[in-house]
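What the coordinates show
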Amino acid sequence: MLAIALSMDGAARDAAALELVMTFDESVRYVDAYGVDRTHELPPIVEAAKSIWEDIIEDEQTLNISYGWRDLPSGIYGAFAGAITFDTHVAAGRPRSWFIDPTPFDHSEFDFSTGQRLLNDAGFDPTWVAGYAPETLEIGYVGRPTAADQPVDLLTVALHEIGHWLGVNRFSAYDINPQFVGGRLMTLSGDGGHLPIDAALMSAAVGSYRKLPSAADVFAAASNSLWTRIDLPRKEFLGRNGAASMWTDATEWAGGQVPGRRDSAYLRHGGQVRLAPQFTEWQQVADLIVRDGTELLIESNGQLKVLSDPSATNSHGSVDINQGAKLRLRGDRDQRPVLQAESLQISGGSQLELEGGVFAIGRRLAIDASFAARHSVQATSVISGYGTARVGSEFVSGGLIEARSSAAPQLLEFLADASLTEWRFLTHVVDGSQAGQVVASQGDVRFTGGLTASSAGRLLAEHGRSISFATAELHNDGEVIIRDAGSFIFASHIANTGAIRLRNEGRVLTGRFHNSGVLEGSGQVLFSESFANEGVVRAVPAATLTLAAAGRRALWDLDGGNRLSMWTAATGGRLRLVAPAAVDVQFAPLQGSIRIADRAAVELLMPLQFDLQLASSGHIAIQGPAASLAAPLATLRLGTDAAPSDAEPAQLVVDRGLCEVESIIVGSHLEQGGAGVLQLDGGVVAALGRLEIRSTGAVRGAGEVRADVINAGMIELAPAGGPLRIGGSYEQRDDGVLAVRFARGASRPPLEIVGAARLGGELHVTFDSWPVVGQSYRLLDFASLQGGFRRIVIQEKVGVQFLPAAGVLVITAVAPEPNGAASAAVGFAALVVRRRRPRTVATLRKQAQTHPRDEVERIALRVAGEGSTTRPACVKYAGI
Ligand SMILES: [Zn+2]
């Protein structure tokens, strides 16, 4: 059956049954305005026109005529009167200009993109037809010239004159053969040998455009000449049988033939067209247009190819589904319907619905992709269902792609051919809601192959379903939502500049994850190679966001070098960074910030001991009584050994929360090392090992350190807010400083040491209120004490003595109430600012950010006097 159908198809086209024998009469010459003899450029044009008509009319007949040039009356371009002639002169001595197309079968000098005119387009005149008048009857096919000032097209005039010869030559009406219009009765008006319709080839009008024979022209010629077999290049489906209309029913098509491989097929009558396998395996057309609410249903084993044909006019192999139209592929696993095309575009609220079908697009698949060129989109277009789509070189979607099935969850899969580089998802808004989406809700959506995917739209996976991009990298600038145990799977790399939101156990699986947007929510991100955050990672309230390394080596870059990066856990939220024992874990230094809200937790659960290093400006804030940072195997280092000279200190602020690590190092031993600050505002720092304060490090405030403490830097005790409690031992080395500001009436010592104390270095003292002689201040409690301060530095003009056994400081001398610098008395320290080591101006500036304002000024003063022999000496201090 297949062979018969194909051979009939071939015979109808290849051997033109109508034979037009046209003899060139070269007795009249045509010399153009430039003096060029173009007489012999006429035959190729006439041969092309003849061939176009022969392709359309298939009745067996041979007709003879001669043609040539002639000087026709004024205003006449061509004539049919026994012979066909073409005008040579506008007026005596003034040659006529013609557009003589050197390639008359190629219409590329003309734009036919909107060239099809239908009966009911604007300008419809009810006197054109009587009886049945299908709205979509083609009455013209007109190409506008792409060049300016193009003269009249010689091919159009040749087509027109041959049209007269073939039958459009009546003065009265044409009764159209009913088999051309679905068996109905229809009459087309005549108009002095022409059609009254301006767009028609056979109207009396000519211009610089090109007209090809339209259905109306062909109907008129064939009806007048009693021809019955016509093959229109653009075939309109008439829909005479309503819902039972079949694609393969010839009587359904204008002209009475099923479209073939050189034809464009138009489905726009508003009803349904079914394509089921009957006598042929494949239906093939050059272009397919489905629009205006019409539905094409390709059923089990039904197969349609839409491929461009080089010998067809303007053929593209494209499927255009537009204006609320629908294309459905319906069939089970063994009897899959198939659609194959070079390009497919869906727009204007149209749908492609797959029920187990397959469609293969050789070049471009586009869904609502041209919205930007229009002012607005009325409705979202959709590809939905389950089945397989193969895509050639280009994929772009601004519409909705949704896996959908009524029974068990099924896969909607898009397979990239080798030449596809990018899956591209656009976004736009229709009626206030987002139109550019991929949704995996009732089934999975998978994109296989392709180098990258870029999304500005929304990707949504939920209810245990997944969206996956096998082999592609994703650049997400839009929104990804994974919720209710949905998953999002990547083979290689996610670069997120938009938002990825996990809700209720959503999961992301990837090789590398680079976040410079927002990653937030509750669920899990599983990566095999690296995780870098330059943006915001946030656990939402009362939920856990887990980032888990799964490969053999995992690189964590908590801030990607970006100071604006942020890790936050909202109240009750938990951020968990984990790696199983087999993973070799590395952390890059933190320069951004980690912010942990009250009742929130950040946990770094790693298999082996590791360094968690805060570089300059790195900042961890633990905010609230139930906030915590737990990294039980981490050595937390505040400040790196190398830092820029103007660097800000690295800071850990524990504001009533808990920080639990293996050990802590604050600051650096090195002169050029970065500063580190541990600020306790009522918080707790716990370490199994010790807390070591190095020379560029400082611990400040009040709270608890559950560790042995070694101070070779500085501890600044808070004037108010309670003591600093050290849960282990305390050792102050010779270059260590303990700074205290005594408040009047404080009952507890500002420093409580549970274990042994070993003192050295300096004690810096200031007072809230002016002290009196004999007054004593408790400085510290301890279990046992060794050593003492090497030096005591006091800003006020008082003398003191430290009584180590009691941990008490006693005032031994006091100057009168200060009333200006002049009152400074010999024997008292007027102004002492300790210099622990030579400083550069840059390091002093750095200090300026961490010292009270008055002290900063004194430091500056001190620098100004550096090198001077007249600087005031530290003339008086009382020490042990
Ligand atoms: Zn005419």
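All of these numbers come straight from a predicted model, not from anything done at the bench.

By secondary structure assignment, the location of Ser225 is in helix α4 (residues 215–225). Sequence-distant contacts of Ser225, that is, excluding residues within four places in its chain, are made with Leu166 and Gly167.

Time to look at the coordination of the zinc ion. Coordination of the zinc ion by the protein comes from His160 (NE2), His164 (NE2) and His194 (NE2), over a distance range of 1.9 to 2.1 Å. Sequence spacing of the donors to the zinc ion: H-x3-H-x29-H. Remark: His194 occurs in the loop between β12 (186–188) and β13 (210–211) and His160 occurs in helix α3 (residues 154–166); sequence separation between them is 34 residues. Like His160, the residue His194 is buried in the burial classification.

A separate point is the sheet that holds strand β70 (residues 808–814). Pairing is antiparallel across the open sheet formed by 3 strands, whose spatial order is β65-β70-β69. The open sheet is flanked by β65 (776–778) and β69 (798–803), the only strands paired with a single partner. The sheet shows a mean angle of 25 degrees between the axes of neighbouring strands, taken without regard to direction. Where β65 meets β70, 3 bridges bridge the pair, whose relative direction is antiparallel. Within β70, the residue paired with Ser776 across the bridge is Val810.

Taken in spatial order, the 4 strands line up as β1-β2-β4-β3 in an open sheet, and their pairing is mixed. The sheet is open, and its two edges are formed by β1 (18–25) and β3 (78–81), each paired on a single side. When the angles between neighbouring strand axes are averaged without regard to direction, this sheet yields 25 degrees. One ladder, built from 8 bridges, connects β1 with strand β2 (residues 61–70); its direction is parallel. Each bridged residue has a counterpart across the sheet, and for Leu20 the counterpart in β2 is Leu63. Contacts from helix α2 (residues 42–56) reach β1, β2 and β4 (83–87) within the one sheet, and its direction differs from that of β1 by about 165 degrees. Its contacts with the sheet put α3 on β1, β2, β3 and β4, and the angle it makes with β1 is roughly 120 degrees.

What follows is about the pattern of salt bridges. One pass over the structure, following the stated rule, counts 48 salt bridges. Arg363 is the salt-bridge partner of Glu342, the closest N and O atoms lying 3.3 Å from each other. Of this pair, Glu342 sits in strand β23 (residues 338–346) while Arg363 is found in strand β24 (residues 351–367), placing the two residues 21 residues apart along the sequence. In this structure Arg363 comes out as partly exposed when scored by relative accessible area, which is 38%. Here Glu716 makes a salt bridge to Arg700, at a shortest N to O gap of 3.4 Å. Residue Glu716 is found in strand β58 (residues 714–717), and its partner Arg700 is found in strand β57 (residues 697–711); the two are separated by 16 residues along the sequence.

Thresholds applied
- Residues numbered from 1 in each chain as written.
- Predicted model: local features only at pLDDT ≥ 70, side-chain atom pairs only at ≥ 80, totals over all residues.
- Heavy atoms only, no water.
- Helix = DSSP H or I, 4+ residues; strand = E, 2+ residues; numbered from the N terminus.
- Contact = heavy atoms within 4.5 Å.
- Donors = N, O, S within 2.8 Å, 3.2 Å for Na, K, Ca; no water.
- Buried < 20%, exposed > 50% of the residue type's maximum accessible area, 1.4 Å probe, protein only.
- Pairing = 2+ DSSP bridges.
- Axes fitted to C-alpha atoms, helices over the stretch in contact; angles between N-to-C directions.
- Salt bridge = Lys/Arg side-chain N within 4 Å of Asp/Glu carboxyl O.

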